[in-house]
Structure formats: C-alpha cells, structure tokens
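# Descriptive structure summary
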Amino acid sequence: MRAVALGGGHGLHATLSALRRLTDDITAIVVVADDGGSSGRIRRELDILPPGDLRMALGALAGQEHPGPENTLWQRVFEHRYGGHGALAGHAVGNLLLAGLLEVLDDPVAALDQACGLLGVRGRVLPMSPHPVDIEADVTGIRGPSGGDSADRGDRDVAHRIRGQVAVATTPGRVQQVRLDPRRPKACPEACEALRAADVITLGPGSWFSSVLPHLLVPELFAALAESEARKVLVLNLEPQPGETAGFSPEQHLEVLAAHAPRLRLDTVVADTVAVPEPDLLRRGAEAFGAETLLTAVGAPDGSPRHDPEALAEALAEAAHHRVPLRDAAALHGPAGNGVSAAGADPARPHQEEDRRWP
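So, a few notes on the structure that sits alongside this text.

Calculation criteria
Residues numbered from 1 in each chain as written. Predicted model: local features only at pLDDT ≥ 70, side-chain atom pairs only at ≥ 80, totals over all residues. Heavy atoms only, no water. Salt bridge = Lys/Arg side-chain N within 4 Å of Asp/Glu carboxyl O. Helix = DSSP H or I, 4+ residues; strand = E, 2+ residues; numbered from the N terminus. Buried < 20%, exposed > 50% of the residue type's maximum accessible area, 1.4 Å probe, protein only. Pairing = 2+ DSSP bridges. Axes fitted to C-alpha atoms, helices over the stretch in contact; angles between N-to-C directions. Arc of directions from axis to C-beta. Contact = heavy atoms within 4.5 Å. Right-handed = clockwise from strand over helix to strand, strands pointing away. 1 Å grid on protein atoms, 1.4 Å probe; cavity = no way out; pocket = protein on both sides within 12 Å on 5 of 7 lines; lining within 4 Å. Points joined across faces, edges and corners; volume = space filled by probe spheres on them. Nonpolar A, V, L, I, M, F, W, Y, C, P; charged D, E, K, R; others polar.

## Remarks on the pattern of salt bridges
If you walk through the whole model with that rule in mind, you get 14 salt bridges. Two residues, D134 and R163, come together in a salt bridge whose shortest N-O distance is 3.0 Å. Of this pair, D134 sits in strand β4 (residues 134–140) while R163 sits in strand β5 (residues 160–163), and the two are 29 residues apart along the sequence. Look at D134 and you get buried, because its relative accessible area is 18%. When salt bridges that share partners are traced, they join R43, D134, E136, D138, R163, R179, D181 and R183 into one network.

This is the structure:
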C-alpha cells in the first residue's frame, strides 16, 4: 500500500507512527511554515526551510530499513536538544544537520533523501513547497487593551490580521480565515507525484489552521490531491486546540475545511468515539465531502489527548480498505489473538453499526 500523509508537527508524527505499522511505502508531505523556536531561528538566520517539522517526520519513520544499535544511536542524536544558555541552546541536533544538508546540497528533496538514508527511513519525507511560507490569519474576539470592558466589546467582531504560525496558534480569539504568503506558493513536484501515485492519502490530525489547512492552499498540491484516485482519509483531533480551535466541535472542524477548500472530496472521516458528542452532526458534515464516518477508539488508553498508534493503524487500515495480513496483526498485538482480523475488524474496539457502511 502506497501511503501519503499530509500534515506537520505532532499530528503528522502520530499518523506516520500508525501508517508504518501497515506499510513501508510511506511519503510524508510536511508543512514548511514554522517560525518559532529552533526552526524559526534557523529559518531567519539562514533563509532556508524551517527544519523542525521535517525532523519530526523523519523521526517517526526512522529505523525501518536498518534497525540496530547504530541506527538507534543516530535517532537519539538526531532528536537531542542542546541545553545551556549559549547560541546553541534549544537547537535540536537534527535541525542543525538538516540545515547543513540544505545549504550544502541546495536542494531540499536531495537533503531530505540523504537524511532518510542516515536514519534508515524506507519511505520519504518531502516539503509541501521547496520554499518556506508564512501563515496569515483573520482573527476575531481579541480582547481590547482594557481587558474587554464595554468600551472594547464593539471591537470583538473586528478581524485582526495575525501573521506567523506561532502567532496564529497562540493568539486568543477565533480564527476566521487563513492564507499563505506567498498566496500561490510553488509545490514540491515530488510531493505532487506521490499524491497522484498513492493508494491512500491521510490529512490530519494536527493544528488545524497551521498544519492541516496549509496543504490545501498550495494550488498545485491541491490539484494533485483532487486528481489522485487514492482513498482520502481525514483524521480528526481528539480535542480542540487552545488558541487555534478552542471551543470547536468536531463538525466545526469540517466546516472550516469546507470553507477553505470547497472542492475537497474525502472518502472517510476518522474520529474518536469519546471525542464526538453528537455523531449525527459529524456524519452530516462528512457527507458534505462525500465521506463515510468511522467512529472508533483511537485515543491513548490513559485518556491523554494523544492518538494510540496501534488503534489508529487499525482505523486507517479499515478506512483504506486495506487487508492486514495475519502475521502483521500478530506483530501489532502479540499472540493473544485480539488484533486486527483479515477483514480489519477488532472485537476489542467495536464500531457503531451505522458507521460501517462500506461499499
């Protein structure tokens, strides 16, 4: 199964960790808008792609081809972050290594392919664009200087333009619309090729306005996504994200998606049962994209807002209509016999009957 995952940050890491349980043929297409922390510093100082989200995607896929102590060491070094208070404080070694590869090779795809070889990644990690982009957002509900008394309430409905991924993700208020700068960034050609050749494409989870939506705002990338015959699967977040989507219901996430990409068509929307208080509303929202709804337990067993890789792998296999060989199911869950069956059903994670309307 040729899988392509669109996203960035921790959300993309979760999807890749799940997909690698199903296939070795994975391409991660990563947002390149980060302007904070180590990535932001490197981007501003060297005028190159922000490496942090790319590094995280590499880490999620590392160690597939040549597992062993040496490979594990490189993974640990790649993720090591310098301490102290000097110029290197806060930088991850992998960010600096990627920065060096980007400068020496002057080709982001070649640089990332070299990093894949170093870390034993069998798939690929690609940027959504060969050039960094910025995110701009119109945000309403921002408090006035006095903290929101009656004199300021009239300004609550005024849209303020916020620039930068970090600012968009952390500014209190409600994001109404996001744009990219430049408005029509060039897509990575290899990313477009991967989308057209894929069997399954995943979008989400992750920061909705700064990691999920940006992919749909790159014209060539969206065209390749629309033209692809792959099954297209949207994975919803387990809870709203403070700042970006505070107070959003699951179906509101879909409304935002439709507002920014009205021509988007999906096959399946995957959501955690506990995170969806009104399944009928979500189902109607999914049907607007031409999609089925798959409600199942995909959250971490400890209740934290993290996707469980094995549970998400099972859901993605079902959403992709991908038959998991019995040996792979045993590798996932051990010999106890409570893993995915050849048909993709998991008796330990029953689905609601009305959500299993498959062709």
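What follows continues from the structure just given.
## Digging into the environment of A167
Looking at where A167 falls in the secondary structure, it is placed in helix α8 (residues 165–170). Considering only alpha carbons, one finds A167 and E244, 77 residues apart in sequence, at a separation of 9.7 Å.

## Some thoughts on the sheet that holds strand β6 (residues 174–181)
The strand order across the open sheet formed by three strands is β5-β4-β6, and the pairing between neighbours is antiparallel. The strands lining the two open edges of the sheet, one partner per strand, are β5 and β6. Ignoring which end each strand starts from, the neighbouring axes of this sheet average 25° apart. Pairing geometry for β4 and β6, over seven bridges, is antiparallel.

## A word on helix α11 (residues 219–227)
Within α11, the full set of buried residues consists of L221, F222, A224 and L225. Take α11 and look down its axis: the buried residues cluster within an arc of 160°, on one side only. In this fold, the buried residues of α11 make contact with β2 (26–30), α9 (189–197), β7 (200–203) and β8 (231–235).

## Some remarks on the pairing of strand β1 (residues 3–7)
With five of five residues buried, β1 lies mostly within the body of the structure. Burial along β1 is two-sided: A3, A5 and G7 facing one way and V4 and L6 facing the other are all buried. Relative to β2, β1 runs parallel, the two being bridged by five bridges. By the bridge assignment, A5 is partnered in β2 with A28. A crossover links β1 with its parallel partner β2, the connecting element being helix α1 (residues 9–19), and its sense is right-handed.

## Some words on the layout of surface pockets
Roughly 940 Å³ of internal volume is contained in the largest pocket. Lining the largest pocket are 37 residues; nearest its centre among them are G8, G9, H10, G11 and S207. Looking at the lining of the largest pocket, the elements that each hand over two or more residues are α1, α2 (37–46), α3 (52–61), α8 and α10 (208–212). Roughly 370 Å³ of volume is contained in the second largest pocket. Residue lining of the second largest pocket: 22 residues in total, with L238, E239, D272, V274 and A275 positioned closest to the centre. Of the residues belonging to the lining of the second largest pocket, the class tally is 12 nonpolar, seven polar and three charged.

## Side note on unusual backbone geometry
The residue after D181, namely P182, is reached through a cis peptide bond having omega 5°. The topology assignment puts P182 in the loop between β6 and α9. Cis geometry is found at the peptide bond from G204 to P205, where omega equals 0°. Along the chain, P205 turns up in the loop between β7 and α10. Positioned with a positive phi, D47 is a non-glycine residue whose angle comes to about 55°. Among the residues examined, D47 registers a relative accessible area of 66% and is labelled exposed. Phi at D106 is positive, roughly 55°, even though this residue is not glycine. One can find D106 in the loop between α5 (93–105) and α6 (108–119).

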